[in-house]
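Spelled out from the first residue to the last, the chains are:
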Amino acid sequence: MIRPILRYGADVLHAEAQPVGELTPDIDRLVGDMIDTMYAAPGIGLAAPQVGAALRLCVIDLSVGKRGGELLTLINPEFVERDGLQLEDEGCLSVPGFNAIVPRPQRAVVRALDRTGQTRTIEANGLLARAFQHEIDHLDGLLFLNRLRGLKRDMITRRIRKLQRTGKW
Ligand SMILES: [Zn+2]
């Protein structure tokens, strides 16, 4: 089931999410809904707070469902290693219409549970490492805007506030 994607300004997007406990049928349904929502958007990643669930859980698929085997479900993900630096243009389904160059690690190793509850350690470079950092930031209540320097961040948040005031956000 496709769920509405919350936008910048929704409280749950700006707060730290709680660890997932038991992998209950409700959690499995949430994962399924998040995958449906990510593909429908379309996007390459989605974190639970973006659909209103304050839980440490995200889904990533760089192929947006076009290639099998690329879908990752990360439950309670943690960084094991991060190094290097990449500077690429980045956007977010919760900040539609805006993007910016965001500094991210070039390489990241993440440990998480998958949808079946198995612990997995995944090493990533480039875009996947960027997606890991972007989605796990969501679980800490951070959007890519929080990673920007003041001037650029202020410019975007001013424009969003204007959209909010005129009911277009
Ligand atoms: Zn995002």
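Coordinates for the structure precede this section.
Structure report, in brief.

Reading the values: rules and limits
- Residues numbered from 1 in each chain as written.
- Predicted model: local features only at pLDDT ≥ 70, side-chain atom pairs only at ≥ 80, totals over all residues.
- Heavy atoms only, no water.
- Helix = DSSP H or I, 4+ residues; strand = E, 2+ residues; numbered from the N terminus.
- Contact = heavy atoms within 4.5 Å.
- Donors = N, O, S within 2.8 Å, 3.2 Å for Na, K, Ca; no water.
- Buried < 20%, exposed > 50% of the residue type's maximum accessible area, 1.4 Å probe, protein only.
- Phe/Tyr/Trp six-rings, centres within 6.5 Å; stacked < 30°, edge-to-face > 60°.
- Lys NZ or Arg CZ within 6 Å of the ring centre and 35° of its normal.
- Salt bridge = Lys/Arg side-chain N within 4 Å of Asp/Glu carboxyl O.
- Expected span 1.5 Å × (residues − 1).
- Pairing = 2+ DSSP bridges.
- Axes fitted to C-alpha atoms, helices over the stretch in contact; angles between N-to-C directions.

Remarks on the environment of Arg115
As for its position among the elements, Arg115 is in the loop between β6 (107-113) and β7 (119-125). Spatially, the C-alpha atom of Arg115 lies 7.7 Å from that of Val31, the residues being 84 residues apart in sequence. If sequence neighbours within four positions are ignored, Arg115 has contacts with Leu23, Asp28, Val31, Gly32, Ile35, Thr73 and Ile75.

A closer look at the coordination of the zinc ion
Binding of the zinc ion to the protein goes through Cys92 (SG), His134 (NE2) and His138 (NE2), at separations of 2.1 to 2.2 Å. Donor residues for the zinc ion, ordered by position in the chain, follow C-x41-H-x3-H. Within this pair, whereas Cys92 is found in the loop between β4 (86-91) and β5 (99-104), its partner His134 is found in helix α2 (residues 126-139), the two being separated by 42 residues in sequence. Taken individually, Cys92 and His134 each receive the classification buried, so the pair is uniform in this respect.

Structural notes on the packing of aromatic side chains
Scanning the entire structure with this criterion turns up one aromatic pair. Measuring from ring centre to ring centre gives 6.3 Å for Phe98 and Trp169, while their planes differ by 55 degrees; the resulting arrangement is tilted. Of the two residues, Phe98 sits in the loop between β4 and β5 while Trp169 sits in the segment after α3 (150-165), which places them 71 residues apart along the sequence. Taking the relative accessible area as the measure of exposure, Phe98 reaches 9% and is therefore buried. For Trp169, a relative accessible area of 21% translates into the label partly exposed. Over the face of the ring belonging to Trp169 we find Arg7, whose NZ or CZ atom lies 5.2 Å from the ring centre. Arg82 extends its terminal NZ or CZ atom over the ring of Phe79, reaching a point 4.0 Å from the ring centre.

Quick look at the pattern of salt bridges
Going through the model one piece at a time under the given rule, you end up with twelve salt bridges. Asp26 is paired through a salt bridge with Arg29; the nearest N and O atoms lie 2.6 Å apart. Placement of both Asp26 and Arg29 in helix α1 (residues 25-40) is noted, with a separation of three residues, approximately one turn of the helix. Given a relative accessible area of 53%, Asp26 falls into the exposed group. Of the charged contacts in the structure, one is a salt bridge between Arg147 and Asp137, with a shortest N-O distance of 2.7 Å. One end of the pair, Arg147, is in the loop between α2 and α3; the other, Asp137, is in helix α2, and ten residues separate them in sequence. Residue class for Arg147 comes out partly exposed when judged on its relative accessible area of 35%.

Focus: α2
Here α2 is 14 residues long and its end C-alpha atoms lie 21 Å apart, about the 20 Å a rise of 1.5 Å per residue gives. Buried residues dominate α2, accounting for 13 of its 14 residues. Downstream of α2 by one or two residues, Gly141 has phi in the positive range, about 80 degrees.

Side note on the sheet that holds strand β1 (residues 45-47)
Taken together, the five strands give an open sheet; going across it, the order is β1-β2-β3-β6-β7, and neighbouring strands pair in antiparallel fashion. Both outer strands of the open sheet, β1 and β7, are each paired with one neighbouring strand and no more. Within this sheet the neighbouring strands show an average axis-to-axis angle of 35 degrees, counted without direction. Pairing analysis gives four bridges linking strand β2 (residues 57-60) to strand β3 (residues 72-83), with the strands arranged antiparallel. Paired with Ile60 across the strands is Leu72, a residue of β3. Strands in contact with α1 are β1, β2 and β3; relative to β2, the strand with the most contacts, it is inclined by about 40 degrees. Running over the sheet, α2 touches β1, β2, β3, β6 and β7 and is turned about 110 degrees from β3.

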